[in-house]
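Spelled out from the first residue to the last, the chains are:
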Amino acid sequence: MDFEKGIGEELYDLAGKIFPICRSITGDGVRETLRILNEYLGKDGLSFEITEVPSGSKVLDWTVPKEWRIRDAYVADESGKRVIDFQKNNLHVVGYSLPMDEWLNKEELGKIIYTQKDQPDVIPYVTSYYKERSGFCISQKDWDALPEQKYHVVIDSELFDGSLTYADLVIPGVSEKEILITSYTCHPSMANNECSGPVLLVALARYVNSLKDRQYTYRFVLNPETIGSITYLSRNLEHLKKNVIAGVVLSCVGDDHHYSMIASRYANTLADKAFETILCDKENYEYYSFLKRGSDERQYNAPGIELPVVGFCRSKYGEFPEYHTSADNMSYVSAKGFEGSFEVMKDWINCLEWNGYYRMTVLGEPQLGKKGLYPTVSQKGSYDGVMAMMNLITYCDGRNDLFDLSDLIDVAPQELIPIVQKLLEHGLLEKIDRE
Amino acid sequence: MDFEKGIGEELYDLAGKIFPICRSITGDGVRETLRILNEYLGKDGLSFEITEVPSGSKVLDWTVPKEWRIRDAYVADESGKRVIDFQKNNLHVVGYSLPMDEWLNKEELGKIIYTQKDQPDVIPYVTSYYKERSGFCISQKDWDALPEQKYHVVIDSELFDGSLTYADLVIPGVSEKEILITSYTCHPSMANNECSGPVLLVALARYVNSLKDRQYTYRFVLNPETIGSITYLSRNLEHLKKNVIAGVVLSCVGDDHHYSMIASRYANTLADKAFETILCDKENYEYYSFLKRGSDERQYNAPGIELPVVGFCRSKYGEFPEYHTSADNMSYVSAKGFEGSFEVMKDWINCLEWNGYYRMTVLGEPQLGKKGLYPTVSQKGSYDGVMAMMNLITYCDGRNDLFDLSDLIDVAPQELIPIVQKLLEHGLLEKIDRE
Amino acid sequence: MDFEKGIGEELYDLAGKIFPICRSITGDGVRETLRILNEYLGKDGLSFEITEVPSGSKVLDWTVPKEWRIRDAYVADESGKRVIDFQKNNLHVVGYSLPMDEWLNKEELGKIIYTQKDQPDVIPYVTSYYKERSGFCISQKDWDALPEQKYHVVIDSELFDGSLTYADLVIPGVSEKEILITSYTCHPSMANNECSGPVLLVALARYVNSLKDRQYTYRFVLNPETIGSITYLSRNLEHLKKNVIAGVVLSCVGDDHHYSMIASRYANTLADKAFETILCDKENYEYYSFLKRGSDERQYNAPGIELPVVGFCRSKYGEFPEYHTSADNMSYVSAKGFEGSFEVMKDWINCLEWNGYYRMTVLGEPQLGKKGLYPTVSQKGSYDGVMAMMNLITYCDGRNDLFDLSDLIDVAPQELIPIVQKLLEHGLLEKIDRE
């Protein structure tokens, strides 16, 4: 895995490539996005497997909807000038809008206009997947400025029996047990939510592929939010329930504000433990309970599904003002933001890889001095540099995994890995089945 | 169940009717009180069963004492003027005082006088059930004002082999499992402690009687505090231990200050859970550990008894200055106070009735939009109104009862009942035996 | 057990007797110290059993080192005047220094000089047990004042195949289950750390010996820190693991600042519970997690050893500036300090002796008034004096030991002992095997 630039810049550029595409829960925007991401994976010889699921298919309690295709949409004034133009910003059209071609006065037009009253400068992101509607979204300011007159309102779209598109890629490890990493590809031109997640996901796939002697199998999944994950679950549930030991939904991972995790339903999975111990010492860390969920961790944690899946974000969706508006553009995300997310996810993957129950091979505290692991002169202060190792040793009794050890001795789990490696090398430690 | 006025006023008036009666742990005051309460129950065709237990009966480690009868008592000065008069306030005589008829000087009189030195204006409430004594209670101020002279000290009372009186009423439900609601009838003229508890109790009996398809059997018990509950337990322990799933002692429920609960011994019963989740969001809620107990929850939680019984109060006994003094009169309680207590107890009963383990009938999150339970337009903020339902659904996995659900999603359990009803109606939820 | 003076003064004086001796992890200093302590034990006919373990013996992962003997050491200036003199303070020589006799200039001398730069007035305590070195310790101030010249550097010491010396004393009780009390004898002239621990230990041995009908067997152990406890464990591990139910390392118990405990590895042993409940209400109490360990609780809690051993200190080692310097002298400790430690340890021993699961013999709350244990007049406030007893009774259901009871009712365990005694006398309580 070679990055031509820094990983942050590389991901920022890749996000910029997929940003302009008009995506929805179905359609060619999704397919074009996956083509670009596959191109990036191809640098290491990887590629997603793409699956098309026909409209009308039953998936758990849901039905795959018709496919939506949109070619153009605008509102033009009496002079023919486009005052709202889908070509300028694909957020202007309510997702899944039916076709229309009508002349409306301002009052009539107002009934199909959506604005964000508390943020008068932005175009809101609005969809109506499961009830047939037509609608336009514009800023409150622009709406207020439109004069009373007749407007030509055109949406050149169609809803037809097509298919829903999802992508997955499985990179095998020693064990059949799986780590699930997923994000979604159904949002149109918004950068953090959600060009960032898919872009980070493909970089992580390349990173995982570069790990020699991987312990776990890694499953990378991209699908449209909600209906896509429900579709994926309906087709893979048995396998996932049997194998997935930890999973994460990546969303809003491109800005450089704080780090956020959204806990799983009972906040008690390995995925939770790993993120919490990695993130808890960071200054800019926000923990959200499952009550604050909102992305596909909803589906992965739903009753009867109950997979160990959490959410990882920088600024959490729903919590930053730019969320679900035209202000979530490429200036809201940054190379620095992507890089921070990539580093945390690398730590998460490495900690899971190194996780296990460790036990000392000697009875009592080992004589570390003769192994060069301990100061030979004793004066007060001389042991400060070895306390993390001494603390790790004392709790390596076969009852604690790497994350328990991190909690017990208050050292981040990624910082324990080199100590574990050193003790393993000296034959002082062994990895065991849990006592 | 029809209330002629508001429930608060109705209970205030009923408390006023029993307030003047001189009650003690035995005697005609108790019987007259129960007669008036039975009259009130009779409006819905209900009535207490009255039991008389002879003096000298062994009850657990205790013995039922003699019955006490008092006709008159006074201290008169040399001119014959009554300076302390039982006819004016029955708190003036120490409960269970032996008869006497003597002339005493002020110093001699002082030896049988009880005052509340830290509250010089009030008459304290004093009893001596288990050691034979005679005594008078007056305010410190009045005592200080009495001149040195001879006083004629008369108590026209008797202690005789009679009986202790208690009352119970069982209203059956579908299940033999019981909810126990109890209060006590041994306090003379004090309003909150304890005319309020018996009065609320009979109103609740009428309310329970009005509930169609009651799940549980309800047992309403009125007896003298301590010796009465011990007597009741000695005669019903096996049945109660087998059937009671939750119980509450009502005491001081007539004022309109905060709400209080006194936890059971280990604070871990269904009765605790129900009160805590109902009360915890109220601004004016005070939680008291079992160390602060003092009423009959003492006996119901005693070693070997160990019934799941908590205490419910407005201002907790022992914690308000008027407690156990003549200042606890009808102006300390109010219609508003009674109404608040009645509403909390209704919530408690309803939540117990609706309590159970619920499980979703569909796998994964249901498609609520097509059932009209979910917004069809998606814009940020559009889901705020359905979050309680979404959160309930996600934790309805058969592992949580109504109170666990309330804790998990931070919504009061009484507010969950209509949501549960709606989901049951749509066939999305089922009540199951605990997983 | 008769103390000629107050126990505090007695222990202060005894500490003063052993203070001047130059101890190390082996050698005649240890033997002389044990001889003096045995003399003190002898007042009650007790004495330590002394064990010598030959150099080179394998003990767990360690090897018993050579014995160190030192007769004299000094640095003399060109005039022959001793500018550093072991005879004045035995901290001047690095523990286990090899013999030397050389002329060095100041720069050369500097390479074997240890100072405490952040405390320029004190001589630091430095050792090098497991790597052969020679060295001197002086105050930074004195070092800076030494002029440039030639110095005669002499250490008259030897390292030879001798033995490591430890001492133990077992005082049997009714049960074979043991309480372990240990401290160490390897520090030269420092008062709190560690003349105080051994001195308190022998006083406690005399105290335990004075207890009639002791429940437990008590094991008192003095050895050199780390290598000594490892040696002791290597020879007694099976017996200790089978029998020890609670243990404590005494260190720095002679000053009169706060009280400290160092928790065991998981803070979940009987030794922890006992100290925590005894100390938690003291104003000047500091709790240290096992991460702050540093004395022999390290070895007793090491993986595979896992004995229930905590640490007890006044000012905790490593936390006071005088620690491991010449400022830890006889003016840092005091009679008052020793007395406080002795009283806490007496409480700890007594609470362990009285610990057990208690259950009421009567069903329900007993009628305490007829036994003279309860006020016969009831007025508000009249029960304050019996609340501890009433609370104890209510939780004496066979599920709680003395320390659980202390936690539950928020009364120190040593204060519960007289109440338990009174209830046992009245036949209201029985000690049972845990329910």
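Residues numbered from 1 in each chain as written. Chains lettered and ligands numbered in written order. Predicted model: local features only at pLDDT ≥ 70, side-chain atom pairs only at ≥ 80, totals over all residues. Heavy atoms only, no water.

Novice: Lay out the overall build of chain A in plain terms, naming residues and giving numbers.
Specialist: The helix and strand tally for chain A stands at 12 helices and 18 strands. Here chain A, with 435 residues, has 64% of them falling under the buried criterion. Roughly 16,200 Å² of accessible area belongs to chain A as shown, and the carbon and sulfur atoms make up 46% of that amount. Treating the 46 positive side-chain charges of chain A as one cloud and the 66 negative ones as another, the clouds have centres 2 Å apart. (Helix = DSSP H or I, 4+ residues; strand = E, 2+ residues; numbered from the N terminus. Buried < 20%, exposed > 50% of the residue type's maximum accessible area, 1.4 Å probe, protein only. Areas by Shrake-Rupley, 256 points an atom, 1.4 Å probe, with all protein chains shown as cover. Lys, Arg positive; Asp, Glu negative; His and termini not counted. Charge placed at Lys NZ, Arg CZ, Asp CG, Glu CD.)

Novice: Any chance you could break down the pattern of salt bridges for me, citing the residues and the numbers?
Specialist: Going through the model one piece at a time under the given rule, you end up with 81 salt bridges over all chains. Residues A:R35 and A:E39 are paired through a salt bridge, measuring 3.0 Å at the closest nitrogen-oxygen approach. Of the two residues, A:R35 and A:E39 both sit in helix α2 (residues 28-41), four residues apart, roughly one turn of that helix. Under the relative-accessibility criterion, A:R35 is labelled partly exposed at 42%. In this structure A:E39 comes out as partly exposed when scored by relative accessible area, which is 47%. Residue A:R265 is joined to B:D397 by a salt bridge in which the shortest nitrogen-to-oxygen separation is 3.0 Å. One end of the pair, A:R265, is in the loop between β14 (259-262) and α7 (270-279); the other, B:D397, is in the loop between α10 (387-395) and α11 (402-409), on a second chain. With respect to burial, A:R265 and B:D397 carry one shared label: buried. By sharing partners, the salt bridges in this structure join A:D28, A:R31, A:E52 and A:E67 into a single network. (Salt bridge = Lys/Arg side-chain N within 4 Å of Asp/Glu carboxyl O.)

Novice: Report on the interface of chain A and chain B, specifying residues and quantitative values.
Specialist: In this assembly, 35 residues from chain A lie in contact with 27 residues from chain B. Where chain A abuts chain B, roughly 2,600 Å² becomes buried across the two surfaces, and 46% of that area is made up of carbon and sulfur atoms. Looking only at chain A, the three residues that lose the most surface to chain B are A:D61, A:L291 and A:P303, adding up to 26% of its buried area. At the junction of chain A with chain B, the criterion picks out four salt bridges. For A:R298, the salt bridge is made with B:E365, and the minimal N-O distance between the two is 2.5 Å. At the junction of chain A with chain B, the criterion picks out 22 residue pairs in polar contact (both at pLDDT 80 or more). Here the side of chain A that touches chain B is composed, by residue class, of 17 nonpolar, 11 polar and seven charged. (Contact = heavy atoms within 4.5 Å. Buried area = accessible area lost by both parts, 1.4 Å probe. Polar contact = N/O pair within 3.5 Å; in protein donor to acceptor, adjacent residues only side chain to side chain. Nonpolar A, V, L, I, M, F, W, Y, C, P; charged D, E, K, R; others polar.)

Novice: Break down the packing of helix α5 (residues 196-210) of chain A against helix α9 (residues 335-354) of chain A for me, with residues and values.
Specialist: Residues and elements named next belong to chain A. Between α5 and α9, the least distance of the axes is 10 Å, while the angle of their chain directions is 45°. As summarised for this structure, α5 and α9 are arranged oblique, according to the angle between their axes. With respect to the hand of their crossing, α5 and α9 are arranged in right-handed fashion. Contacts between α5 and α9 involve S196, V199, L200, A203, L204, Y207 and V208 on the former and, on the latter, F338, S341, F342, M345, K346, I349 and N350. Of the residues assigned to the contact of α5 with α9, the class counts are 10 nonpolar, three polar and one charged. (Axes fitted to C-alpha atoms, helices over the stretch in contact; angles between N-to-C directions. Parallel < 35°, antiparallel > 145°, perpendicular 65-115°, else oblique. Left-handed = near helix turned anticlockwise from the far one by under 90°.)

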